[in-house]
Amino acid sequence: MIKITKIIMMGLLAFFAGIGVCNAGNNSGKQDIYYYKIDSQRIVIYVPSGIKFIDNANCNGTNEAIAVSISAVRDNFAELYASIMLAHANNRKIAFWLDGTCTPAMAGGPFPTASMVYVY
C-alpha cells in the first residue's frame, strides 16, 4: 500500500512539474521552503530571509511577500498540504499559483493565497 501511495505521489509531482509555470500572471516564483506554520485555518509557507515570493495582489502594499498561505477550507487542501510536506522533506523548491486574494492581517500577514502548488 505504501509503495502505491509513493507511485501516486510521484505521478502527481511529475504532472504538476510538467505543466510548467511559464504563465507568470499569478505565479509566486520558484523558491526554497524555509519553514511553515499550520493552524486551524491555514498553512503559511515562508521563504528564507531576504528572498520573496511574487505577490501580484500586493497584499502588503508591495508585489513581494515573505510567505504564501493556503486556506484549510479549500476542497483540495489535503493534496496541497501533502505536496508541501513532500517538497519540504525532500529539499525541493516550490512555487504557487496565487488566486489574487489575501489572508487577514493576523500572525504576520496579510499573505497572498494559493490555489495550486508546484514542486521542483
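Each remark here, short or long, concerns the structure printed above.
Keep in mind the model is a prediction, meaning the values are calculated, not measured.

Scoring rules and cut-offs
- Residues numbered from 1 in each chain as written.
- Predicted model: local features only at pLDDT ≥ 70, side-chain atom pairs only at ≥ 80, totals over all residues.
- Heavy atoms only, no water.
- Helix = DSSP H or I, 4+ residues; strand = E, 2+ residues; numbered from the N terminus.
- Buried < 20%, exposed > 50% of the residue type's maximum accessible area, 1.4 Å probe, protein only.
- Contact = heavy atoms within 4.5 Å.
- Polar contact = N/O pair within 3.5 Å; in protein donor to acceptor, adjacent residues only side chain to side chain.
- Pairing = 2+ DSSP bridges.
- Expected span 1.5 Å × (residues − 1).
- Phe/Tyr/Trp six-rings, centres within 6.5 Å; stacked < 30°, edge-to-face > 60°.
- Salt bridge = Lys/Arg side-chain N within 4 Å of Asp/Glu carboxyl O.

Draft legend 1. Layout of the environment of D55. Inspection of the secondary structure puts D55 in the loop between β3 (53–54) and β4 (64–65). The buried category is assigned to D55, whose relative accessible area is 1%. Taking the C-alpha atoms as reference points, D55 and A67, separated by 12 residues in sequence, lie 9.5 Å from one another. Discounting residues that sit within four places of it in the chain, D55 has contacts with N60, T62, N63, E64, A65, L98 and P112. Within the local environment of D55, its side chain forms a polar contact with the backbone nitrogen of C59, the two atoms lying 2.8 Å apart.

Draft legend 2. Region of interest: the pairing of strand β7 (residues 112–119). Counted residue by residue, β7 has 6 buried out of 8 residues, so it is predominantly covered. As paired strands, strand β6 (residues 94–102) and β7 are joined by 6 bridges and run antiparallel to one another. Bridging across to β7, L98 finds its partner in A114.

Draft legend 3. Looking closely at helix α2 (residues 77–89). An ideal rise of 1.5 Å per residue puts 18 Å on 13 residues; α2 measures up with 18 Å between its terminal C-alpha atoms. Residues of α2 that are buried include every one of F77, L80, S83, I84, M85 and A87, and no others. For α2, the elements touching its buried residues are β1 (35–38), β2 (42–46), β5 (67–71), β6 and β7. Just downstream of α2, N91 is the residue with a positive phi angle, here 50 degrees.

Draft legend 4. Broad picture of the packing of aromatic side chains. Per the stated rule, a full pass over the model turns up 5 aromatic pairs. Each ring, one from Y35 and one from Y46, has its centre 4.4 Å from the other, and the planes form 10 degrees; the classification is stacked. You can see Y35 sitting in strand β1 and its partner Y46 sitting in strand β2, a full 11 residues away along the chain. The partly exposed category is assigned to Y35, whose relative accessible area is 36%. With relative accessibility at 6%, the residue Y46 sits in the buried group. A ring pair is formed by F53 and F96, whose centres lie 5.5 Å apart and whose planes are at 75 degrees; its orientation type is edge-to-face. Note that F53 is positioned in strand β3 and F96 in strand β6, a separation of 43 residues in sequence.

Draft legend 5. The side chain of T103, seen in detail. Looking at the secondary structure, you find T103 in the loop between β6 and β7. Engagement of the side chain of T103 in a polar contact is seen with the side chain of R42, the distance being 3.3 Å. Leave out the neighbours within four places in its chain, and T103 touches R42, S69, P110, F111 and T113.

Draft legend 6. Spotlight on the pattern of salt bridges. Within this structure, the stated rule accounts for 3 salt bridges. In this structure, the salt-bridge partner of D32 is K93, at a minimum N-O distance of 3.3 Å. Separated by 61 residues along the polypeptide, D32 in the loop between α1 (2–19) and β1 and K93 in the loop between α2 and β6 bring together distant segments of the chain. Given a relative accessible area of 31%, D32 falls into the partly exposed group.

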